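So the chains spell out like this:
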Amino acid sequence: MSLQQLRDESDFDQLPHNVAVTATIADIEEKKGFIDYYRFVIEVKTKGGSKYFIYRRYREFFTLHQTLESKYSPEESDRQGQNTCPLPPLPGKVFLGNKREIAEGRIPELNTYMKRLLGLPAWFLLDDTLRMFFYQTDQDSQQQPRALRRLRPQTRKVKTIKPKMDLFSSPRAEGTVNNQTGIFPQSFVKIIKPLPDSNTEGEGEGHTYSCLRCFLLTPSGVDTRDVCVEEELTTQPTYKDLLFHMRNVFKVNDIALNYRDMEGDLIRVVDDEDIQLMIKESRGQESKIKRPVNQFPWELYVTLASDFSVYNTEL
């Protein structure tokens, strides 16, 4: 059956079974990456009766709406054609405020938006962009919701008594110097009990942490940090997000981002294309430089934006 026939009949029964027909936000989750943000945990139900969860940011809702508008919104509001369809309004962007409160406040508005969007004529639900938005990707299927507050009925809170922890059965390491005990580098500690194998414990938690080696270069010296983020090693951050994150890490606003090329010279990063080039060059040197398995193949050199001198000191 052609799209035109489906449009003419407006027959919901002709839709494929894997088309999304309802979507409800079950919860929000904080994602700690190159920039901290909240994403929406959405329960999707298909025409065939299956259910699954997807994870979407507000920016993905915004991109979806812009794409649908370019396809189906009439150029003139009072003139609708065969390929046009009135879209529900999407809640606007919020630039200031507490991120969690903003995300919580958007839940009822986004639920209404999705309800009206999926309530449009049956032919509209076959749009490729719309179907991909509600499609459960491999990344979605590999994650487990941390909580589903919006789907669970409220229950009376019951006070529970936590059992006492056996400190001698917990994985731990000790280090002592000058009568001080605490966390030390591996070569300075004595392992009392090793951490559990990652393949036997902690499975299904859905958290992937990777480390990024960063250097803050100033005339007074070098500040080295290993910044852990909840991202895959293959992630390519945007220039804007990476700059924002480095400002938070080093508590300095007037900074610039750089990387070292194959000759060891600092190259200034100014946009997303430079980020892509930095990662490409770093991956080309992976065989020459041995790094931990959870460390990004590229390193970031942060300088003061007002300092145009070149740092060629070996680190």
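Structural data are supplied above this passage.
Residue indices follow the written sequence of each chain, beginning from 1 at its first position. Reporting in this predicted model follows two pLDDT cut-offs: at least 70 for local features of residues, and 80 or more for side-chain atom pairs to be given and counted; totals over whole chains, interfaces and linings ignore these cut-offs and use all residues. The basis for every side-chain value is the complete set of non-hydrogen atoms in the structure, without hydrogens or water.

A.B. asks: Could you give an account of the pattern of salt bridges, with specific residues and numbers?
C.D. replies: Should a side-chain nitrogen of Lys or Arg be within 4 Å of a carboxyl oxygen of Asp or Glu, the pair is scored as a salt bridge. Counted according to the given criterion, the structure contains 7 salt bridges. For arginine 59, the salt bridge identified is with aspartate 241, shortest N-O distance 3.9 Å. Here arginine 59, found in helix α2 (residues 58-72), pairs with aspartate 241, found in helix α6 (residues 239-250); they are 182 residues apart in sequence, far enough to count as distant. The buried label applies to any residue whose accessible area, calculated with a 1.4 Å probe on protein chains only, is under 20% of its type's maximum; exposed applies above 50%, and partly exposed to all values in between. With a relative accessible area of 10%, aspartate 241 lands in the buried category. In this text, helices come from DSSP runs of H or I with a minimum length of four residues, and strands from runs of E with a minimum of two, each type numbered from the N-terminal end.

A.B. asks: For the packing of aromatic side chains, give the residues involved together with the corresponding values.
C.D. replies: Aromatic contacts are taken between Phe, Tyr and Trp rings whose centres are within 6.5 Å, Trp giving its six-membered ring; a plane angle under 30 degrees counts as stacked, one over 60 as edge-to-face, and the others as tilted. Scanning the model with the defined rule gives 9 aromatic pairs in all. Taken together, a centroid distance of 6.4 Å and an interplanar angle of 40 degrees make the contact between tyrosine 58 and phenylalanine 62 tilted. Here the residue tyrosine 58 and the residue phenylalanine 62 both occupy positions in helix α2, the gap between them amounting to 4 residues, near one helical turn. When the ring of phenylalanine 61 is compared with that of phenylalanine 133, the centres are 4.9 Å apart and the planes differ by 65 degrees; the resulting orientation is edge-to-face. One end of the pair, phenylalanine 61, is in helix α2; the other, phenylalanine 133, is in helix α4 (residues 128-133), with 72 residues separating them in the sequence. Residue classification places phenylalanine 61 among the buried positions, given a relative accessible area of 0%. An aromatic cluster is defined as three or more aromatic residues linked by ring pairs; in this entry it consists of Phe40, Phe61, Phe133 and Phe134. By the criterion adopted, a ring carries a charge over it if an Arg CZ or a Lys NZ lies within 6 Å of its centre and within 35 degrees of its normal. Here arginine 56 stacks its cationic end above the ring of phenylalanine 133, 5.6 Å away from the centre of that ring.

A.B. asks: Residue-level account of the sheet that holds strand β10 (residues 255-260), with values.
C.D. replies: Strand pairing in a sheet takes place through backbone hydrogen bonds and is either antiparallel or parallel in direction. Here, any two strands with at least 2 DSSP bridges between them count as paired. Read from one edge to the other, the open sheet built from 5 strands follows the order β9-β8-β12-β10-β11, with strand pairing classed as mixed. Two strands close off the open sheet at either side, each with one partner strand: β9 (221-229) and β11 (266-269). Across the sheet, the axes of successive neighbouring strands diverge by a mean angle of 35 degrees, strand direction being ignored. For β10 and strand β12 (residues 300-304), the ladder comprises 4 bridges, and the chain directions are antiparallel. Residue pairing across strands places isoleucine 255 opposite leucine 304, the latter belonging to β12. The contact criterion used throughout is that any non-hydrogen atoms of two residues lie within 4.5 Å. To define axes, lines are fitted to C-alpha atoms, for helices over the stretch in contact only, and angles between the resulting N-to-C directions are given on a 0 to 180 degree scale. Sitting on the sheet, α6 touches β8 (210-218), β9, β10, β11 and β12, and the angle it makes with β10 is about 110 degrees. On the sheet, helix α7 (residues 272-283) packs against β10, β11 and β12 and is oriented at approximately 30 degrees with respect to β10.

A.B. asks: How would you explain the environment of lysine 240 if you had to name every residue and give the values?
C.D. replies: Following the sequence through the fold, lysine 240 ends up in helix α6. Separated by 30 residues in sequence, lysine 240 and valine 270 place their C-alpha atoms 9.2 Å apart.

A.B. asks: Let's hear about helix α3 (residues 99-117): which residues, and what values?
C.D. replies: An α-helix turns once per 3.6 residues; consequently, residues spaced three or four apart project the same way. Take the residue count of a helix, subtract one, and multiply by 1.5 Å to get its expected span. Taking 1.5 Å per residue, 19 residues should reach 27 Å; α3 reaches 25 Å between its end C-alpha atoms and fits that length. Maximal helix bending in α3 amounts to about 40 degrees, located at isoleucine 107; proline proline 108 follows within four positions. Taken together, the buried positions of α3 are Ile102, Ala103, Arg106, Ile107, Leu110, Asn111, Tyr113, Met114 and Leu117. Polar contact is the term for a pair of N or O atoms within 3.5 Å; when the atoms are in protein, one must be able to donate a hydrogen and the other to accept it, and sequence-neighboring residues count only if both atoms are side-chain atoms. Of the residues that open α3, the one with a side-chain oxygen 3.0 Å from the backbone nitrogen of arginine 100 is asparagine 98. The reported bend at a residue is simply the angle between two axes, fitted to the 7 residues ending at it and to the 7 residues beginning with it.

A.B. asks: Before we move on, could you go through the nonpolar core and cite the residues and values that matter?
C.D. replies: We call a set of buried Ala, Val, Leu, Ile, Met, Phe, Trp, Tyr and Cys residues a nonpolar core when their side-chain atoms join them within 4.5 Å. Counting residues in each nonpolar core, the largest one holds 35 residues, and the members touching the most others are Phe40, Ile42, Phe61, Leu117, Phe124, Leu130 and Phe134. Those elements that provide at least two residues to this core are β1 (20-32), β2 (36-46), β3 (51-56), α2, α3 and α4. When residues in this core are grouped by element, the largest group, 6 residues, is from α3. Excluding residues within four positions of it along the chain, phenylalanine 134 makes contact with Ala20, Ala23, Val44, Tyr52, Ile54, Met114 and Leu118. Counting 22 residues, the second-largest nonpolar core is a separate cluster that includes Val227, Leu257, Ile275 and Met278.

A.B. asks: Give me the lowdown on the sheet that holds β2, citing residues and values where you can.
C.D. replies: Taken in spatial order, the 3 strands line up as β1-β2-β3 in an open sheet, and their pairing is antiparallel. Only two strands of the sheet have a single neighbouring strand rather than two, namely β1 and β3. Here the average twist between neighbouring strands, direction ignored, is 25 degrees. Across the sheet, α2 is in contact with β2 and β3; its angle to β3 comes to roughly 95 degrees. Seen against the sheet, α3 touches β1 and β2 and runs at an angle of roughly 170 degrees to β1.

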